[in-house]
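So you can see what is in the structure, the chains are spelled out below.
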Amino acid sequence: MEQYKRLLRALSGMMSVSGQERTTTRALQELLGTAVDTLTCDRLGNHLCLKRCGRAGAPLLMIDTHFDQVGMVVTGVGEDGFLSVSNIGGVDPRLLPAAEVCVWGRECVYGVVASTPPHLQRADSADKLRPMDTLLIDTGYSRARAEELIPIGSPVSFRTAVVELANDRLAGQGFDNKATAAAVLHALSGLSAREMAYDVAWVLSAFEETSRLSAGVTVGAFQVRPELALVLDVNFAQGPGVEPPAGIKMGGGPGVTLSPMTHRALTRRVMAVAASSGIPYQTVAEAASTGTHSNTLPLLLEGIPTVDMSLPLSGMHTAVECVSAADGVALSKLLRLLICDSTLTEEVYQ
Amino acid sequence: MNRDIELLRRLCLLFGPSGCEGEVRSAIRESIRPCVDELEQDKLGNLIGYVDGADNSRTLMIAAHMDEVGMMITNIESSGQLRFDTVGGIDAAVLCGKRVVVWGHDRTRLPGIISAKPIHLQSKEEREKATTRKSLYIDIGASDRADAQRLVSVGDFAVFDSDFVRFGEAERRMKGKAIDDRLGCAVMISVLERLRAEGTVPPVRLAFAFTVREEVGFSGAKTAAYRINPSHAVALESTAIADLPDVSAHERVGDMGRGGVLSLADKGALYCRAFVGYALSVGREKDIPVQLKRYVSGGNDARHIQQSAAGVRVLALSAPTRYLHSASCVADLADYRAMQKLVYEMIVGFGRYLAKEDM
Amino acid sequence: MYQTLKELCRISAVSGNERALGEKIRTLIAPHVTQCHFDTLGNLIAYRKGRAAQPERVIFAAHMDEVGFLVNFIEESGFLRFAPLGGASLTAALYSPVVFAGGCRGLLLPETESLSKPSIEHCYVDIGAKNAKEAAKRVRVGETFSLAPSLSALTGSRWAGRPLDDRVGCAVLIEAARQMAEPENDVYFVFSVQEEVGCRGARTAAYAIRPDYGFAVDVTTAADQPADKVSVTKLGDGAAIKVKDNSVICDSRLVARMGELARARGIRCQYEVLTAGGTDASVIQLAGSGAVVGGISIPTRNIHSAVEAVDKGDVLAAAKLVAALAECPTGQLVEGGEGRA
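Residues numbered from 1 in each chain as written. Chains lettered and ligands numbered in written order. Predicted model: local features only at pLDDT ≥ 70, side-chain atom pairs only at ≥ 80, totals over all residues. Heavy atoms only, no water.

1. Considerations on the overall build of chain B
Applicable threshold: Here a helix means four or more residues in a row that DSSP labels H or I, a strand means two or more in a row labelled E, and each is numbered from the N terminus. Atoms counted for the radius of gyration: C-alpha only. Globule rule: 2.2 Å times the number of residues to the power 0.38. With a 1.4 Å probe rolled over the protein chains alone, any residue whose accessible area is under 20% of its type maximum counts as buried; one over 50% counts as exposed, and the rest are partly exposed. It only takes one pair of heavy atoms within 4.5 Å for two residues to be counted as in contact. Here Asp and Glu are counted as negative and Lys and Arg as positive; His is not counted, and neither are the chain ends. One atom stands in for each charge, and that atom is NZ of Lys, CZ of Arg, CG of Asp or CD of Glu.
Each helix and strand in chain B was counted, giving 10 helices and 17 strands. For chain B, the C-alpha radius of gyration of 21 Å lies close to 21 Å, the compact-globule estimate for 359 residues. Across its three principal axes, chain B shows a C-alpha extent of roughly 65 × 45 × 40 Å. Looking at the 359 residues of chain B, the share that counts as buried comes to 62%. Summarising the internal contacts of chain B: among those between residues at least 6 apart in sequence, 76% fall at separations of at least 24. Taking the average place of the 48 positive charges on the side chains of chain B and the average place of its 48 negative ones, the gap between the two points comes to 1 Å.

Right, dumping it as structure tokens:
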């Protein structure tokens, strides 16, 4: 449990706003160490990690965890060093007023999102959310200095450290989708080649939050050409505003999705593996779009059989996304079992 | 040199929502004990430090409130989430997505987060609406009601979890929670320390009142003033400065970096013109930045003090602050220091002012 | 360049019907490139071979198609009903002269004069035919049409007309091909089809070419007029280097490099961050193993109307920037490394 928390904290600290994924390569190399054989960064900023089982002709299993996170981009530097910004992916705008941010210009610049003083809130607009392109970030610099330090196009992320709540729950930014990356890393660490039934290609894909064309995972899969794939993302945790059947229960284990796009037989097998090993999981029924890369992968190249799994997360796209470390560890245990299970491929043509 | 910044930092980090000022009071008591001639805590919890003057028949009161805005748990849901109400005026827009500290059973500090219904699941109409407080919850990670009840109770307090950060040009901007009104308290402590260090005997008796419950309108300053019975009072506060680029010049309250803001009038009081004039003249003579408030808004303890007993001549001096009553209040170091200097010099010259005072 | 632009505007090319324009562009660009051909979907690929022993492949894409409409029904009365192709603005089209692919002329009209919100079902085209039979002699169901083209030079350096989206991009590529020195890299000027209906041509062209780099050369919003609250780009501030739009986030190293190159060559430039829109860069990015993509945009007012307006200086700057990028030596379009902080 503690190792999972440590990995999640480390990953959350890497700034990977969509389009900036490649800035984390060195940090990832250090963190992943010998858990994988190789790590490369491709043209789009996908990180491709390979861990081989050592047997010639072994099938390739791809695990996709998108590594980009939502954030903002600087669109202008104004009077008194106030910055205007635009959304990258869907940052929840409700949390912006008075939020603290890091502006990644030529150096990291601290900022506060300006909130309207109460006496200036007009009666007619008081109950309307201020659109993001009218919000300003206060850097405390003069305009000239801010222009020097912050080029247009600089990414902006939230300044939050990870906080630990009760019941092994953690809250922080970027847990969508680093919570699953932490689970994968947790699974791969200490897993030896001889135990593995597949060569594993772990793709930390780019642009999931922003590309309607799923450009990142498309290019990643083209290079990997896997036999089958697991897509890991996050799902809404049940709670206020998320009543069943929506969402999954925090602490109830990872979600495993049944949907028209994903491979039904393979998915059933994954559930059977979990059940027989006492790993808790929750069934997610998704009749239409999963909203994840599992919509894209099955249709790439000549078709890639895909299983979609998720971790429960509350506060999606805020600076206080919250997950349960117990769920992360359960997912990690399940992944290990799957990576070592050579019978999965029997399900492909069922 | 940066002792005053360290002082402000320490004060801002303390837990002190209205009605629960104990931790702040203890810390302030320790700081001012060596600098005052007499120290008392009254029935409401106000802390008052007296400094004898050349003429003890008159008293000048200087006041700042110890309490900050915060939250109170009003209900524990079956899911383990905590419903809350705000203590003092916090705009719902600045609550969402912030971190808090809940003071639970046995005085344990519990980290929590304020969350709302996921944006993806909102309808289009919902998305365009500003957040309402009713849609927000504090999540401390409890798995259900019973689990939460082991940790907290209805009625427990919470405050924003926000550290103290210096940033911007020459790091002169300071961000923290509770700058309103720990900055006022810090100004008073700095002045007390300077009076003692320089061996200055004030012309009249001074009463430094660190008051309670200002943010909820049940002002401790009222009863403190009644007890102290001053002729004049200076209320130290924070004001929402509104000096943002999209605010037109006449709607701005003042400017950051141009010194403490003196009010001529606000929603609660019309200030004593002569006294305000004195403050301005001290600013001019001693070359200390001070500005006049441009916009009529807000209110503070001064109005309660003014109407105490037979009346008190009051003045309000406020620190220009951005994002007031949020987790990220921002003030300026130059303003903080200008206020320290101005209050000190006003004390030193007060005798001469009294001699010339007219209505 | 004005003359070239005028010639290009004159030829109708609604999505799916770009060939005639393609032939014209071929005659204009052929003298400056190694080879030209039309691919399966009709994209015109003008290829200029590079000198380097191991050249990288660079695409510059401008789309040939314009927004327009498609006739889907001929009324007994001789009036025509139609459907939109691409994001044509109905408001801008009302009461306008239109030109059909086959050359016929007509007027696009609303059913009644009192309309607060025109909808396409309540509009029609009048080509002067008295009945369906007469109409059918001049136009066919399925034929495309668009607002009548025009180009004029207004005061100062303003050019206005249609369809500047994206004839101006095509003109920029032709001019860049003419201006540029011999390149190190293999340069592909792709005049794409069906961009306005979803970047369809560029996707397949890029799959075939497998570029290392791709640039979309297109128009972008210049919301710099009275009542525009948030300006994207400004007319006259130079060629716009795209940071992102709604379809793609450009490689930030490339964006930085483009800015450096522009400044080094004295080319006026500005940055573009669009919260809407989409360009061919989005589909070029995901060809094969992926490409590093960016965009050179020409700030334009009133996009998709009959009176699109650009600044001549911006257009010339865009051409210079494309030429500069095309001449960039191998391995220098993106200085290795991982970007910022």
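2. Remarks on the confidence of the model for chain B
Operational definition: One number per residue, pLDDT, summarises how confident the predictor is, and it ranges from 0 to 100.
On average, residues of chain B score 91 in pLDDT, and 98% of them reach the 70 mark or higher. Between the elements of chain B, mean pLDDT differs from a low of 75, seen in helix α3 (residues 124-128) of chain B, to a high of 98, seen in helix α9 (residues 333-348) of chain B.

3. With respect to the nonpolar core
Quick note on the threshold: Here the nonpolar core consists of buried residues drawn from Ala, Val, Leu, Ile, Met, Phe, Trp, Tyr and Cys, with membership extended through side-chain atoms lying within 4.5 Å.
Ranked by size, the top nonpolar core spans 98 residues in total, and within it F60, F189, F191, F215 and I296 of chain C carry the most contacts. The element contributing the most residues to this core is helix α9 (residues 312-327) of chain C, with 10 residues. By size, the runner-up hydrophobic cluster in this structure holds 83 residues, among which are L7, Y271, V276 and F350 of chain B.

4. Concerning the interface of chain B and chain A
Worth spelling out the cut-off: By buried area we mean how much accessible surface two parts lose on assembly, using a 1.4 Å probe and totalling the loss over both. Note on definitions: salt bridges are taken to be side-chain nitrogens of Lys or Arg within 4 Å of carboxyl oxygens of Asp or Glu. Polar contacts, as counted here, are pairs of nitrogen or oxygen atoms within 3.5 Å of one another; within protein the pair requires one atom able to donate a hydrogen and one able to accept it, and residues that are adjacent in sequence qualify only if both atoms are side-chain atoms. Each residue receives one of three labels: charged for Asp, Glu, Lys and Arg, nonpolar for Ala, Val, Leu, Ile, Met, Phe, Trp, Tyr, Cys and Pro, and polar for the others, Gly being one of them.
Contacts between chain B and chain A engage 56 residues on the former and 51 residues on the latter. In this assembly, chain B packs against chain A so that about 4600 Å² is buried in total across both faces, 59% of it on carbon and sulfur atoms. For R159 of chain A, the salt bridge identified is with D163 of chain B, shortest N-O distance 2.7 Å. Inspection of the chain B/chain A interface yields 14 residue pairs in polar contact (both at pLDDT 80 or more). Broken down by secondary-structure element, the contributors of at least two residues to the side of chain B that touches chain A are β7 (109-115), α3, β8 (137-139), β10 (165-167) and β11 (173-176) of chain B. Counting residues per element, the side of chain B that touches chain A draws most heavily on β7 of chain B, which supplies four residues. Residue classes in the side of chain B that touches chain A are distributed as 26 nonpolar, 12 polar and 18 charged.

5. What about the sheet that holds strand β3 (residues 55-65) of chain B?
All names here are of chain B. Basically, it comes down to this: Only strands joined by at least two bridges in the DSSP assignment are considered to pair. Helix axes are fitted to C-alpha atoms over the stretch in contact, other axes to C-alpha atoms as well, and angles between N-to-C directions run from 0 to 180 degrees.
Taken together, eight strands build an open sheet; the order of strands is β1-β2-β12-β3-β13-β16-β14-β15 and the sheet is mixed. In this open sheet, the two strands that pair with only one neighbour each are β1 (38-41) and β15 (290-292). Across the sheet, the mean angle from the axis of one strand to that of its neighbour is 25 degrees, orientation sign disregarded. Note that β1 and strand β2 (residues 47-51) share four bridges and pair antiparallel. Across the sheet, residue E38 finds its bridge partner in β2, namely Y50. Where α9 meets the sheet, its contacts fall on β3, β12 (204-211), β13 (232-240), β14 (260-262), β15 and β16 (313-321), and the angle it forms with β16 comes to roughly 160 degrees.

6. Considering the side chain of D186 of chain C
Residue and element names in this part refer to chain C. Within the secondary structure, D186 sits in strand β12 (residues 186-192). The side chain of D186 is buried and forms no salt bridge, while K49, the nearest opposite charge, is found at 4.8 Å. Within the structure, D186 has its side chain in polar contact with the backbone nitrogen of G50 (distance 2.8 Å). Ignoring any residue separated from it by four or fewer positions in sequence, one finds D186 in contact with Y47, R48, K49, G50, P55, E56, R57 and V58.

7. Some remarks on helix α6 (residues 264-276) of chain A
Residues and elements named next belong to chain A. So the rule is basically this: Under the convention used throughout, the expected extent of a helix is 1.5 Å for every residue step, that is, one less than its residue count.
In this model α6 runs 18 Å from its N-terminal to its C-terminal C-alpha over 13 residues, within 8% of the 18 Å that 1.5 Å per residue would give. When α6 is considered as a whole, its buried residues turn out to be A265, L266, T267, R269, V270, M271, V273 and A274. Lining the buried residues of α6 we find β13 (228-236), β14 (255-258), β15 (282-285), β16 (306-313) and α7 (325-339). Following α6 by one or two positions, G278 adopts a phi angle in the positive range, close to 70 degrees.

8. Things to note about the pairing of strand β17 (residues 329-332) of chain B
All names here are of chain B. Here β17 shows two buried faces, one formed by C329 and A331 and the other by V330 and D332. Note: β11 against β17, four bridges, orientation antiparallel. When the sheet's bridge partners are listed, M174 is paired in β17 with A331.

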